[in-house]
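Listed below, chain by chain, are the residues.
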Amino acid sequence: MELLLILTYTAICVVIFKLFRIPLNKWTVPTAVLGGVLIIGTLFMMMNYNHPYSESTRLYFTSVPIVPQVRGRIAEIPVEVNTPISEGDVLYRIDDVPFRDKVEALEARLDGAMDDRDHAQLERDRSTRLQAKGAGSDRTTERWRAQYEEAAAKVDDLEAQLHQARFDLDSTVVRAPSDGIVTQLTARPGMMAGRVAFSAVMVFLPRDEAVLIGWYRQNSLLRLTAGDEAEVAFDALPGQVFKAKVKQVLPVIAEGQLTGSADLIEYRENTVAGRMAVELELDDPLIEQYDLPQGLYGQSAIYTDHAHHVALLRRILLRMSSWLNYVFPFH
């Protein structure tokens, strides 16, 4: 954008020199150059501070790697790529035969364990009654009490195993976590699906609104407030500028973060200052006529309540920059 302003000033100087037939000498040319430095420098300072511009603005979105709860061979993939689906729709199914066999085996073992527990409980109760009447022995009562406690513990353990086995069986059907689309599908029937995140077989995009973030220089921080007017120009839509507003200025800058580590913080001379992330909200009904892909890249400008007369120049330069998107090699 700086180049656009310099070229514009140069064009104006050329027209003035030609129109008024001003001679090119050691006085007129340096005067024009010095005047350009002063004028353009002042305008840049006022614009960058009061009406900042970001050459890096993007529509960010969230992607969800679909990883199953169990490991197994994929049996069926009924979902279609880039087709809207609803929450709970089946994405793919894993062969459930081993999981179903385990459930049936545990159910049979649990039935037997429950019979043993019930029998031990009856004998324990009977022995306790006989002992109360003086017809039973302490040893017999304690033996049946111990057998009952052992059988009850076994039932509890099998019930927990069965609960997990049924959960694993249900997990063989992988469903959409929310409304959205599957945009990347590398899985095929017969492939193995595991519980490791980096081995996801498909990528799911929730139907959430994309977040528009503009990356601004830090010297604009004191002027930016929520609700400020803004404009956005996407590279994919040359010549189009859309209205927006500042939703919030994110309270952190990534370059300054510290993570859990045994290393002490140290001074690094080549540390990048970093940009502020400003969340913008598109506020233009014209945007609805375009089916914009998520992840779109563009430029943006914010207009504060200060130095209103300079905002017009920023608007003009943003539109000129948007027009340059028609000429791909130069922008």
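Within each chain, residues carry numbers counting from 1 in the order of the written sequence. Where totals are concerned, whole chains, interfaces and linings use all residues; where local detail is concerned, this predicted model gives features only for residues with pLDDT of at least 70, and gives and counts side-chain atom pairs only at 80 or more. Computation of side-chain values: all heavy atoms of the structure, hydrogens and water removed.

**Student:** Hey, could you run me through the overall build of the protein in this one?
**Tutor:** The way it works is that DSSP assigns letters per residue, a run of H or I at least four long becomes a helix, a run of E at least two long becomes a strand, and they are numbered from the N terminus. Helix and strand counts for the protein stand at 5 helices and 13 strands. The reference for a compact globule is 2.2 Å times residues^0.38; the radius of gyration itself is calculated from the C-alpha atoms. For the protein, whose C-alpha radius of gyration is 35 Å, the value lies well above the compact-globule estimate of 20 Å for 331 residues. Considering only C-alpha atoms, the protein reaches an extent of 130 × 45 × 35 Å along its principal axes. Each of the 331 residues in the protein was classed as buried or not, and the buried ones make up 34%. In the protein, 79% of the contacts between residues at least 6 apart in sequence involve partners at least 24 apart. A total accessible area of about 21100 Å² is found for the protein, and carbon and sulfur atoms account for 56% of it. If you average the places of the 34 positive and of the 44 negative side-chain charges in the protein, the two averages end up 4 Å apart. Note on exposure labels: buried denotes an accessible area under 20% of the residue type's maximum, exposed denotes more than 50%, and partly exposed covers the range between, all computed with a 1.4 Å probe on protein chains only. Whether two residues are in contact is decided by their heavy atoms, any of which lying within 4.5 Å being enough. Residue burial considers only the protein chains on display, and all accessible areas are found by Shrake-Rupley using a 1.4 Å probe. Counting rule for charge: Lys and Arg are taken as positive, Asp and Glu as negative, and neither His nor the chain ends is counted. Every charge is mapped to an atom, namely NZ of Lys, CZ of Arg, CG of Asp or CD of Glu.

**Student:** Sorry if this is basic, but what is going on with the sheet that holds strand S12 (residues 276-282) here?
**Tutor:** Paired through their backbone hydrogen bonds, the strands of a sheet run either parallel or antiparallel. Note on pairing: DSSP must find at least two bridges between two strands before they are called paired. On the basis of which strands lie adjacent, the closed barrel formed by 6 strands has the order S1-S9-S12-S11-S10-S13 and antiparallel pairing. Pairwise comparison of adjacent strand axes, ignoring direction, gives a mean angle of 40 degrees for this sheet. Relative to S12, strand S9 (residues 211-216) runs antiparallel, the two being bridged by 5 bridges. Residue pairing for S12: Gly214 is matched across the bridge by Val278. To obtain an axis, a line is fitted to C-alpha atoms, over the contacting stretch when the element is a helix, and the angle between two such axes runs from 0 to 180 degrees between their N-to-C directions. Across the sheet, helix H5 (residues 308-323) is in contact with strand S1 (53-60), strand S10 (229-234) and strand S13 (297-303); its angle to S13 comes to roughly 170 degrees.

**Student:** How should the sheet that holds strand S8 (residues 202-206) be read in this particular structure?
**Tutor:** Pairing is antiparallel in the open sheet, where 3 strands are placed in the order S2-S8-S6. Two strands bound the open sheet, and with one partner strand each, they are strand S2 (64-66) and strand S6 (180-185). On average, adjacent strands in this sheet sit at an angle of 35 degrees to one another, irrespective of strand direction. Pairing of S6 with S8 involves 5 bridges; the strand directions are antiparallel.

**Student:** Would you take a moment to explain the environment of Ala233 for this structure?
**Tutor:** With respect to the helices and strands, Ala233 occurs in strand S10. Note on Ala233: relative accessible area 0%, which makes it buried. Between the alpha carbons of Ala233 and Leu318 there is a distance of 7.5 Å; along the sequence they are 85 residues apart. For Ala233, the residues in contact, after removing those within four places along its chain, are Gln240, Val241, Gly298, Gln299, Leu318 and Ser322.

**Student:** Would you explain the side chain of His51 in this entry?
**Tutor:** Structurally, His51 can be placed in the loop between helix H2 (28-50) and S1. With relative accessibility at 0%, the residue His51 sits in the buried group. Between N or O atoms, a polar contact is any pair within 3.5 Å; within protein, one atom must be a potential hydrogen donor and the other a potential acceptor, and residues adjacent in sequence are included only when both atoms are from side chains. From its side chain, His51 meets the backbone oxygen of His306 in a polar contact 2.8 Å long. Of the polar contacts made by the side chain of His51, one reaches the backbone oxygen of Ala307; its length is 2.7 Å. If sequence neighbours within four positions are ignored, His51 has contacts with Met46, Ile302, Tyr303, Thr304, His306, Ala307, His308, Val310, Ala311 and Arg314.

**Student:** Would you take a moment to explain the nonpolar core for this structure?
**Tutor:** Membership of the largest hydrophobic core comes to 28 residues, with the highest contact counts inside it found for Ile77, Leu91, Tyr92, Val182 and Met202. Mapped onto this core, the elements with two or more residues apiece are strand S4 (90-94), helix H3 (97-132), helix H4 (138-170), S6 and S8. Dropping the residues within four chain positions of it, Val182 is found in contact with Val79, Glu80, Val81, Asn82, Ile85, Leu91, Met202, Val203 and Phe204. One finds Leu212, Val232, Leu237 and Ile287 within the second-largest nonpolar core, a separate group that totals 17 residues. Residues grouped as a nonpolar core are buried Ala, Val, Leu, Ile, Met, Phe, Trp, Tyr and Cys residues, joined through side-chain atoms within 4.5 Å.

**Student:** How should the packing of aromatic side chains be read in this particular structure?
**Tutor:** Two aromatic rings, taken as a pair, are described by how far apart their centres are and by the angle between their planes. When the centres of two rings from Phe, Tyr and Trp lie within 6.5 Å, Trp using its six-membered ring, the rings pair. Their planes under 30 degrees apart give stacked, over 60 give edge-to-face, and anything left gives tilted. Throughout the structure, instances matching the rule amount to 2 aromatic pairs. Centre to centre, the rings of Phe234 and Phe242 are 6.2 Å apart; their planes meet at 45 degrees, and the pair counts as tilted. One exposure class covers both Phe234 and Phe242, and it is buried. With a centroid separation of 5.9 Å and an interplanar angle of 80 degrees, the aromatic rings of Phe242 and Tyr290 are classed as edge-to-face. A residue pair is termed long-range when its members are at least 10 positions apart, and Phe242 in strand S11 (residues 242-249) and Tyr290 in the loop between S12 and S13 qualify at 48 residues. Judged by relative accessible area, which is 27%, Tyr290 ranks as partly exposed. A network of ring pairs unites the aromatic residues Phe234, Phe242 and Tyr290 as a single cluster. The ring of Tyr148 has Arg124 lying over it, and the distance from NZ or CZ to the ring centre is 4.3 Å. The residue whose ring lies beneath Arg315 is Tyr303, and the NZ or CZ to ring-centre distance is 4.1 Å. Both a distance and an angle decide whether a charge sits over a ring: NZ of Lys or CZ of Arg must be within 6 Å of the ring centre and within 35 degrees of the ring normal.

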